[in-house]
Amino acid sequence: QVQLVESGGGLVQPGGSLRLSCAASGTIFSITRMGWYRQAPGKRRELVAAILSGDITNYADSVKSRFTISRDNAKNTVHLQMNSLKPEDTAVYYCNVHQVVAGSHYDHWGQGTQVTVSS
């Protein structure tokens, strides 16, 4: 089992910054991707940013140039630096880890952390 613990959400004014962190523990091997998703009320969960093996990153178009994902392999932690936040970034943010074991694919999720952008 993989356990994910998120931190760093909160309330911030438009234009502000937040940094989300997600620490993974447990059977953390064969991880091929770590990332962040978000879900706003009444909307589907969507990919925000992901980092793959070799530190290849991809971002949703809506957050490119504002958000940066990074990974600390020694600490099994993934971070999301969010700058220039907008009200439309308000959502519950979920950490995700994708694992491939013996040819089977597994997705693990954190409990979610609320990000609210409001004046």
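Summarised in this report is the structure supplied together with it.

Scoring rules and cut-offs
- Residues numbered from 1 in each chain as written.
- Predicted model: local features only at pLDDT ≥ 70, side-chain atom pairs only at ≥ 80, totals over all residues.
- Heavy atoms only, no water.
- Disulfide = S-S within 2.5 Å.
- Helix = DSSP H or I, 4+ residues; strand = E, 2+ residues; numbered from the N terminus.
- Buried < 20%, exposed > 50% of the residue type's maximum accessible area, 1.4 Å probe, protein only.
- Contact = heavy atoms within 4.5 Å.
- Pairing = 2+ DSSP bridges.
- Axes fitted to C-alpha atoms, helices over the stretch in contact; angles between N-to-C directions.
- Phe/Tyr/Trp six-rings, centres within 6.5 Å; stacked < 30°, edge-to-face > 60°.
- Lys NZ or Arg CZ within 6 Å of the ring centre and 35° of its normal.
- Salt bridge = Lys/Arg side-chain N within 4 Å of Asp/Glu carboxyl O.

### Points about the state of the cysteines
- For the structure on display, the rule yields one disulfide.
- Covalent S-S linkage joins C22 and C95, the inter-sulfur distance amounting to 2.1 Å. Residues C22 and C95 are joined by a disulfide whose S-S torsion is about -80 degrees; by sign, that bridge is left-handed. On the criterion of sequence distance, the pair formed by C22 in strand 3 (residues 18–26) and C95 in strand 9 (residues 91–101) is long-range, its members being 73 residues apart.
- We classify C22 as buried; its relative accessible area is 0%.
- Residue C95 is classed as buried on the basis of its relative accessible area, which comes to 0%.

### Observations concerning unusual backbone geometry
- A positive phi angle, near 75 degrees, is found at S65, a position not held by glycine.
- Structurally, S65 can be placed in the loop between strand 6 (57–59) and strand 7 (67–72).
- Phi at A102 is positive, roughly 50 degrees, even though this residue is not glycine.

### Some details on the environment of V63
- Within the element layout of this structure, V63 appears in the loop between strand 6 and strand 7.
- For the pair V63 and V48, spaced 15 residues apart in the sequence, the C-alpha separation amounts to 7.1 Å.
- Setting aside residues no more than four positions away along its own chain, V63 makes contact with R38 and V48.

### Considerations on the sheet that holds strand 8 (residues 77–82)
- The four strands lie next to each other as 1-3-8-7, forming an open sheet whose pairing is antiparallel. In the strand order of this sheet, the two ends are held by strand 1 (2–7) and strand 7, each with one partner. Averaged over all pairs of adjacent strands, the angle between their axes in this sheet comes to 15 degrees, without regard to strand direction.
- Both strand 1 and strand 3 contribute to a ladder of six bridges, which runs antiparallel. Across the sheet, the residue bridging to V2 is G26, located in strand 3.

### Some words on the packing of aromatic side chains
- Applying the stated criterion across every chain yields a total of one aromatic pair.
- Residues Y37 and W109 carry aromatic rings whose centres are separated by 5.0 Å and whose planes lie at 70 degrees to one another, so their mutual orientation is edge-to-face. Separated by 72 residues along the polypeptide, Y37 in strand 4 (residues 31–39) and W109 in strand 10 (residues 104–109) bring together distant segments of the chain.
- Overall, Y37 belongs to the buried group, its relative accessible area being 18%.
- The ring of Y94 carries the charged tip of R45 above its face, separated from the ring centre by 3.8 Å.

### Describing the pattern of salt bridges
- Overall, the coordinates contain five salt bridges when judged by the stated rule.
- R33 is paired through a salt bridge with D107; the nearest N and O atoms lie 3.6 Å apart. Taken together, the residues R33 in strand 4 and D107 in strand 10 connect sequence positions 74 residues apart.
- With a relative accessible area of 42%, D107 lands in the partly exposed category.
- When salt bridges that share partners are traced, they join R38, E46, R66 and D89 into one network.

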